[in-house]
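# Coordinate inspection notes
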Amino acid sequence: MKHIKTINKSNLKKTAAHGGCGECQTSCQSACKTSCTVANQKCEKRR
Amino acid sequence: MVHCFEQGGIRLALDVASGAVHALDPIAYRLCAMLTPPLTENCPDNLAAQFTPQEADAVREAYAELYSLYQEGLLFSEEELLPEALIKPADSPVKALCLHVSHDCNLRCRYCFAQTGDFGTVRSLMDADTAKKAIDFVIERSGQRRNIEIDFFGGEPLMAMDTVRAAVEYAREQEKIHGKQFRFTITTNGVLLDDDTIDYLNREMSNVVLSLDGRRSVNDDMRKTVAGGGSYDVVLPKMQKLVRQRDPEKDYYVRGTYTAKNLDFVEDVLSLYRAGFEQISVEPVSAPDGCGYEIKESDLPRIREEYHKLAQTMIEIRQKGEWFNFFHFNVDLEQGPCVIKRLRGCGAGCEYVAVTPEGDIYPCHQFVGEKDYYMGNVKDGSFSREQAREFAGVNVYTRPACRDCWAKFYCSGGCSAANFHAHGRIDQSYEIGCELEKMRLECALYLAAHDSLKNE
């Protein structure tokens, strides 16, 4: 493409099919303890 | 829904439902910001008319590219509502504990949300028996979940190291019996770190969070010793030693807090970096209105500038071949959590709870001491499923401010405790927290895009 560069083609919607196992880290245990960011967690299945 | 923004000369479009991110040239960016779905195959005349005749060819090309991404489901894609059972899990397993082994502290930090360690109650330490009961509780409540997390928290958890050691030893025994895997983390102020404790934490803890605010003057203004002096020189060498000796494969964060008194917090991040730390988190204070150092709405433009400055500074440092990581600018665009996790959020009050030294259970560490949110006690096994269901039922679709927010799949509805402290209810978003989150996410996406584009 000339005018657009796609940085990533992830498709969140597809993750619904295999997601929800609940094995990933609880976000607040990672570093913050006072704020919430979930998207910087890792998927446990893809570690 | 598409969120368009420009930072550092890069124009980005985030497709909210798919999570796809695109960098656009000026014509495509202007065009994209004008579009609303459903898109037609050819650029509508009324939009094309807003460009100059000299731009007509470029507009046609750019529109064709935007339309192609739309057809691929990577731009203006529709959100698919998931079944309620997935979003609102009934009787969710409990799989993470914030274990308050100490409601006492050897510092007297002015901004402490735990009211200098005792959470407004009495100073106390958890005994080994209560810690073991908490381990039994989480194993029993974890159902099919294999991974269980225990964060040793306080107050200051190193004041109860005997309990920490007993809990780890017991959990290691029990995990074999029950087919579980425990991961331990600890959040400490570092005062009691000695060689033996450093060895132990570096061996047993998958993540160590070290509380230090940055510059000596900033740290010592808030993080006071019991005698009222500064704590910086007491803890810095100990933290440096722990990090030097730590397996690079294991996580750690040096975690500071910024307040309205140090909105130039990039200097604190850089101070931590220059002190030898590469994993850095500096976060806004949780503080009541009127305390004098709380973050106000009027501070937001200044904070936005500061986050942008931090992102730019990180790029410059990386260009010199050096590196550090800023926790809130982490975003994993390819391998992040699934959409179900993103909808549900942090899990407080259902899959994650806090346990006090007396064994009392609260939805998370920031609810400890709130009598209306008492959930039970690990010693008698009581646990309010009704309370847990209330928390499990809150997600980005039930929080009114989240439904139409572009950041909902990244912050996942924010922090129930922050909402409660701001509005007295867990489903009404804390607006300042939302604005800060969106600033940080834009910076995170910008850094990811910058990295990606420089490699081309």
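Residues numbered from 1 in each chain as written. Chains lettered and ligands numbered in written order. Predicted model: local features only at pLDDT ≥ 70, side-chain atom pairs only at ≥ 80, totals over all residues. Heavy atoms only, no water.

This part is about the confidence of the model for chain B. Interpretation of the predicted coordinates at a detailed level should be avoided for regions scoring low in pLDDT. Averaged over every residue, the pLDDT of chain B is 94; residues scoring 70 or more account for 100%. This prediction of the complex comes with two scores: 0.95 for pTM and 0.92 for ipTM. (pLDDT = per-residue confidence, 0-100.)

What follows deals with the sheet that holds strand β14 (residues 382-383) of chain B. Residues and elements named next belong to chain B. Overall, mixed pairing links the 11 strands, which are arranged β10-β9-β8-β7-β6-β5-β4-β11-β12-β13-β14 in an open sheet. Of all the strands in the sheet, the pair left with one neighbour each is β10 (325-326) and β14. Examined bridge by bridge, strand β9 (residues 279-284) and β10 share 2 bridges and lie parallel to one another. The residue of β10 that forms the bridge with I280 is F326. Lying on the sheet, helix α5 (residues 128-141) is in contact with β4 (96-100), β5 (147-153), β6 (181-188), β11 (352-355), β12 (360-362) and β14; it crosses β4 at an angle near 170°. (Pairing = 2+ DSSP bridges. Helix = DSSP H or I, 4+ residues; strand = E, 2+ residues; numbered from the N terminus. Contact = heavy atoms within 4.5 Å. Axes fitted to C-alpha atoms, helices over the stretch in contact; angles between N-to-C directions.)

Quick look at the pairing of strand β8 (residues 251-258) of chain B now. Along any regular strand, the residues point their side chains to alternate faces of the sheet. All names here are of chain B. Across the 8 residues of β8, 7 count as buried, placing the element largely inside the fold. Looking at chain direction, strand β7 (residues 205-211) and β8 are connected through 5 bridges and run parallel. When the sheet's bridge partners are listed, V209 is paired in β8 with Y253. Pairing of β8 with β9, which is carried by 5 bridges, proceeds in the parallel orientation. Within β9, the position partnered with T257 by the bridge is E283. For the handedness criterion, the β-α-β arrangement of β8, helix α10 (residues 266-274) and β9 is classed as right-handed. (Buried < 20%, exposed > 50% of the residue type's maximum accessible area, 1.4 Å probe, protein only. Right-handed = clockwise from strand over helix to strand, strands pointing away.)

Residues and elements named next belong to chain B. A complete count under the given rule lists 19 aromatic pairs over all chains for this structure. An angle of 65° between the planes, with centres 4.8 Å apart, marks the rings of F326 and F329 as edge-to-face. Accessibility expressed as a relative area gives 0% for F326, which makes it buried. We classify F329 as buried; its relative accessible area is 5%. Where F367 meets F391, the ring centres are 5.6 Å apart and the plane angle is 90°; that geometry is what we call edge-to-face. In this pair, F367 is assigned in the loop between β12 and β13 (376-377) and F391 in helix α13 (residues 385-392), connecting sequence segments 24 residues apart. You can call F367 buried: its relative accessible area is 0%. Taken together through their ring pairs, the aromatic side chains of Y258, F265, Y307, F326 and F329 make up a single cluster. When the ring centre of Y200 is taken as origin, the NZ or CZ atom of R165, which lies over that ring, is 4.4 Å away. Over the ring of Y410 we find R342, and its NZ or CZ is 5.4 Å from the ring centre. (Phe/Tyr/Trp six-rings, centres within 6.5 Å; stacked < 30°, edge-to-face > 60°. Lys NZ or Arg CZ within 6 Å of the ring centre and 35° of its normal.)

Another aspect to go through is the nonpolar core. All names here are of chain B. In terms of nonpolar packing, the biggest core is built from 117 residues, with F152 and F277 touching the most fellow members. No other element matches the 10 residues that helix α17 (residues 431-454) contributes to this core. Core analysis: the second largest hydrophobic core is formed by 25 residues, F153, C346, A348 and F367 among them. (Core = buried A, V, L, I, M, F, W, Y, C linked by side-chain atoms within 4.5 Å.)

Where interface size is quoted, it is often the accessible area lost as the parts come together. Each side of the interface is counted separately: chain A has 43 residues, and chain B has 82 residues. Between chain A and chain B, a total of about 5400 Å² is buried, with carbon and sulfur atoms accounting for 51% of that surface. Ranking the residues of chain A by area buried against chain B places H3, I7 and L12 of chain A at the top, with a combined share of 14%. Mapped onto the side of chain A that touches chain B, the elements with two or more residues apiece are β1 (4-8) and α1 (15-18) of chain A. For the side of chain A that touches chain B, the leading source of residues is β1 of chain A, giving 5 residues. With 4 bridges joining them, β1 of chain A and strand β3 (residues 21-24) of chain B adopt antiparallel strand pairing. Within the sheet, the bridge partner assigned to K5 of chain A lies in β3 of chain B and is A23 of chain B. (Buried area = accessible area lost by both parts, 1.4 Å probe.)

This paragraph deals with the sheet that holds strand β2 (residues 10-15) of chain B. The sheet built from 4 strands is open, its strands ordered β1(A)-β3(B)-β2(B)-β1(B) with antiparallel pairing. In the strand order of this sheet, the two ends are held by β1 of chain A together with β1 (2-7) of chain B, each with one partner. Put simply, the sheet's adjacent strands are angled 25° from each other on average, direction ignored. Its contacts with the sheet put helix α3 (residues 56-72) of chain B on β1 of chain A together with β3 of chain B, and the angle it makes with β1 of chain A is roughly 25°. Seen against the sheet, α17 of chain B touches β1 of chain A together with β1, β2 and β3 of chain B and runs at an angle of roughly 115° to β2 of chain B.

The next point concerns helix α6 (residues 161-178) of chain B. Given 3.6 residues per turn, any residue in an α-helix points the same way as the ones three and four places further on. All names here are of chain B. Taking 1.5 Å per residue, 18 residues should reach 26 Å; α6 reaches 25 Å between its end C-alpha atoms and fits that length. When we look at burial in α6, the residues that qualify are M161, T163, V164, A166, A167, V168, Y170, A171, Q174 and E175. For α6, the secondary structure elements touched by its buried residues are α5, β5, β6, α7 (195-204) and β7. Among the residues trailing α6, G179 stands out with phi positive, at a value near 65°. (Expected span 1.5 Å × (residues − 1).)

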